Amino acid sequence: IAASKSSSLPAVEAELLAIRATAASSSSFKSFLENPLISRDAKTKQIQEMLGDKFSPVTVNLMTTLAGNARLSAINPIVDDYVKLMKAKRGEVEATIISAEPLTKTQTEAVANAMKGQFPEGAKVVLSSKVDPAILGGLQIQIGDKFLDLSVGSRIEEVSRMAV
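Figured I'd write up the structure that's included with this text. This one's a predicted model, so the numbers in the text were calculated from it and none came from an experiment.

## Quick look at a nonpolar patch on the surface
A cluster of nonpolar residues, L136, V152 and I156, forms a patch on the protein surface that exposes about 270 Å² of accessible area. Tracing the backbone shows V152 in helix α8 (residues 152–163).

In structure tokens, the structure reads:
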């Protein structure tokens, strides 16, 4: 709410992503965030010193609040949730195509065009693809919380269950 009131939603998102990236690349920073032996006051003071002039007041306030409540170790799920909220605000919908082999650009576009009816009008589709040889062939498509399984592996499993 504070980021929205101060019109700093995108800036806070970028800062939180930077903090998460730093924790992922710096073992000492990650250790600092996760170490329960460092007192809350010491963590709050260090966060204030580290982020004070470099980050927006909203981000600094969030991080010092997390430090004061011994919740800095929960930064990853907090950032994930914030990013989800920002995508929803921007009208972005995530879709993931899972295939047994990498898809060509033409194949990806064909699948994207076939899925257009599954998205709300005016939605910005953020399409990603993954390769999972275990599906043997076909596709699995994840759109938000919907999952469509058109894979050969699932068909074989379905038929084997019927034969029993």
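From this point, things continue past the structure.
## Looking at the side chain of S151
Residue position: S151 is located in strand β4 (residues 146–151). For S151, the side chain forms a polar contact with the side chain of D149, separated by 2.6 Å. The residues contacting S151, other than those within four sequence positions of it, are I135, G137, G138, L139 and Q140.

## Focus on the sheet that holds strand β2 (residues 124–131)
Taken together, the 4 strands give an open sheet; going across it, the order is β2-β1-β3-β4, and neighbouring strands pair in mixed fashion. Each having just a single partner strand, β2 and β4 make up the two edges of the open sheet. When the angles between neighbouring strand axes are averaged without regard to direction, this sheet yields 15 degrees. Pairing between strand β3 (residues 138–143) and β4: 6 bridges, direction antiparallel. Counted as the bridge partner of Q142 is F147 from β4. Running over the sheet, helix α7 (residues 105–115) touches β1 (92–99), β2 and β3 and is turned about 50 degrees from β3.

## Some details on the packing of helix α3 (residues 27–34) against helix α4 (residues 40–51)
At their nearest, the axes of α3 and α4 sit 11 Å apart, and the two run at 140 degrees to each other. With respect to their mutual orientation, α3 and α4 come out oblique. Two packed elements cross with a definite hand, and for α3 against α4 that hand is left-handed. Seen from α3, the contacting residues are F29, F32, L33 and E34; seen from α4, they are K43, Q46, I47 and M50.

## Considering α4
The end-to-end C-alpha distance of α4 is 16 Å, a good match for the 16 Å that 12 residues give at a rise of 1.5 Å each. Among the residues making up α4, those that are buried are K43, I47 and L51. In a view along the axis of α4, the buried residues occupy a sector of 40 degrees, so they form one face of it. Residues of α4 that are exposed and point more than 90 degrees away from the buried face comprise D41, K45 and E49.

Criteria and cut-off values
- Counting restarts for each chain: residues are numbered from 1 in the order of the written sequence.
- Two thresholds apply to this predicted model, a pLDDT of at least 70 for residue-level local features and 80 or more for giving and counting side-chain atom pairs, whereas whole-chain, interface and lining totals are computed over all residues.
- To obtain the side-chain values, all non-hydrogen atoms of the structure were included, while hydrogens and water were left out.
- Patch construction takes residues with relative accessible area above 30% that form no salt bridge. Like charges are linked within 9 Å, and nonpolar side chains (Val, Leu, Ile, Met, Phe, Trp, Tyr) are linked within 5 Å.
- Each accessible area is a Shrake-Rupley estimate made with a 1.4 Å probe; only the visible protein chains count as cover when residues are assessed.
- By definition, a salt bridge exists where a carboxyl oxygen of Asp or Glu is found within 4 Å of a side-chain nitrogen of Lys or Arg.
- Numbered from the N terminus, helices here are DSSP runs of H or I no shorter than four residues, and strands are runs of E no shorter than two.
- In protein, a polar contact means a hydrogen-donor-capable atom and an acceptor-capable atom, both N or O and within 3.5 Å, with residues adjacent in sequence counting only if both atoms are side-chain atoms; elsewhere, any N or O pair within 3.5 Å suffices.
- In what follows, residue pairs with any heavy atoms lying within 4.5 Å of each other are defined as contacts.
- In this analysis, strands are considered paired if DSSP registers two or more bridges between them.
- What counts as an axis is a line fitted to C-alpha atoms, over the stretch in contact for a helix, and the angles between N-to-C directions run from 0 to 180 degrees.
- Oblique is the label for every angle not falling under 35 degrees (roughly parallel), over 145 degrees (roughly antiparallel), or within 65 to 115 degrees (roughly perpendicular).
- Each crossing is labelled by how the near helix is turned from the far one, with a counterclockwise turn of less than a right angle marking it left-handed and a clockwise turn marking it right-handed.
- Multiplying 1.5 Å by the helix residue count minus one yields the expected span of that helix.
- Only protein chains enter the area calculation, which uses a 1.4 Å probe; residues under 20% of their type maximum are buried, those over 50% are exposed, and those in between are partly exposed.
- Here the arc refers to the directions that run from the helix axis out to each C-beta atom.

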